[in-house]
Amino acid sequence: MYTPKYYQESDWEVIAGFIRENGFGLLVNTDESNTPHATHIPLLLKEKAPGAFVLEGHIARINPQWQYFNRGKSLAVFSGAHSYISSSWYEKSKIPTWNYMAVHIHGHTRIQSEEEVIAALGELMKKYEAASACPVHINEIDEKTLMNNVKAIVGFEMAVEEVTATYKLSQNKKANDYNSVIKHLQELGTENTLKVAAEMEARRSDFQA
């Protein structure tokens, strides 16, 4: 992902928080003919050792993509809030654009053991069941049902080796235009526009005035 310098986010704590908040990612790798394969799946970010992070996930065993994990690095894509930016929001005539936040992770992928898959499923459930009125724990699933599902998937661990984070939030605009974009995004009032506006508000002192 090409990212101009003024759109780059390099703070790992910010990036890690983004991944955890936007954990439904896109896993991409290529087969023997270099044809890309992609699957939309939830991914969990874990720190296996101090400063050493991995992404855990699983795909259906019937999905051939897992058979290509040993063909070099995989790519995990995480997308956040985004919004169209109208040129009418600027003081002078300019072309419209799109503001967005996205993170790309490249790394080698290892297939997990059955025990690791069960542990990873338990952590995934713990994270997403937390918001439920009656959270379900993996121990509450009967063993036959659990093992039938475990055998139908392939769990994997992807090392976080290369990180590219793009926060394209009008940092290249003048102060008046920057503030105008925030104002108009807030007025639109959708989930995406409010999140983009809030992120721009938090970074107001960082943009190129």
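Going by the structure above, here's the rest.
Now for a quick tour of the structure. Keep in mind it's a predicted model, so treat the numbers as computed, not measured.

What counts and how
- Just so you know, the residues in each chain are numbered from 1, in the order the chain's sequence is written.
- The predicted nature of this model means local features are confined to residues of pLDDT at least 70 and side-chain atom pairs, given and counted, to a pLDDT of 80 or more, with totals for whole chains, interfaces and linings taken over all residues.
- Hydrogens and waters are ignored; side-chain quantities use all the structure's heavy atoms.
- What counts as an axis is a line fitted to C-alpha atoms, over the stretch in contact for a helix, and the angles between N-to-C directions run from 0 to 180 degrees.
- By the criteria applied, helices consist of DSSP H or I runs no shorter than four residues and strands consist of E runs no shorter than two, each listed in order from the N terminus.
- For this classification, under 35 degrees means roughly parallel, over 145 means roughly antiparallel, 65 to 115 means roughly perpendicular, and everything else is oblique.
- Less than a right angle of anticlockwise turn of the near helix away from the far helix marks a crossing as left-handed, whereas a clockwise turn marks it as right-handed.
- Here, residues are in contact when the closest pair of their heavy atoms is within 4.5 Å.
- Each residue receives one of three labels: charged for Asp, Glu, Lys and Arg, nonpolar for Ala, Val, Leu, Ile, Met, Phe, Trp, Tyr, Cys and Pro, and polar for the others, Gly being one of them.
- By convention, a stacked pair of Phe, Tyr or Trp rings (six-membered ring in the case of Trp) has centres within 6.5 Å and planes under 30 degrees apart, an edge-to-face pair has planes over 60 apart, and any other such pair is tilted.
- We count a charge as sitting over a ring when the NZ of a lysine or the CZ of an arginine lies within 6 Å of the ring centre and within 35 degrees of the ring normal.
- For two strands to be treated as a pair, DSSP must find no fewer than two bridges joining them.

## Structural notes on the packing of helix H2 (residues 114–129) against helix H3 (residues 143–151)
At step 1: Contact geometry of H2 with H3 gives a least axis separation of 11 Å together with a crossing angle of 110°. By the criterion of interaxial angle, the relationship of H2 to H3 is roughly perpendicular. The handedness of the crossing between H2 and H3 is right-handed. Contacts between H2 and H3 involve Glu114, Val117, Ile118 and Leu121 from the former and Leu146, Met147, Val150 and Lys151 from the latter.
At step 2: A breakdown of the residues in the contact of H2 with H3 according to their chemical character gives six nonpolar, no polar and two charged.

## Digging into the packing of aromatic side chains
At step 1: This structure, assessed with the given rule, holds five aromatic pairs.
At step 2: Ring plane angle 55° and centroid distance 5.8 Å describe the contact between Phe18 and Tyr167, whose orientation is recorded as tilted. Taken together, the residues Phe18 in helix H1 (residues 12–21) and Tyr167 in strand S9 (residues 162–168) connect sequence positions 149 residues apart.
At step 3: The side chain of Arg61 reaches across the aromatic face of Trp66, ending 5.7 Å from its centre.
At step 4: In this structure, Lys173 is placed above the aromatic ring of Tyr90, and the distance from its NZ or CZ to the ring centre is 4.9 Å.

## Concerning the sheet that holds strand S7 (residues 109–111)
The strands that make up a sheet pair up through hydrogen bonds in the backbone, lying either parallel or antiparallel.
At step 1: The four strands lie next to each other as S3-S4-S8-S7, forming an open sheet whose pairing is antiparallel. The open sheet has two edge strands, strand S3 (44–49) and S7, and neither has a second partner. The sheet shows a mean angle of 35° between the axes of neighbouring strands, taken without regard to direction.
At step 2: The sheet contacts of H1 involve S3 and strand S4 (52–60), and relative to S3 the element is tilted by about 135°.
At step 3: Across the sheet, H2 is in contact with S3, S4, S7 and strand S8 (153–159); its angle to S3 comes to roughly 125°.

## Things to note about the pairing of S3
At step 1: As paired strands, S3 and S4 are joined by five bridges and run antiparallel to one another. Its bridge partner lying in S4, Lys46 is registered against Val54.
At step 2: Hairpin connection, S3 to S4: the antiparallel pair is bridged by two residues, and Gly51 has positive phi, about 80°.

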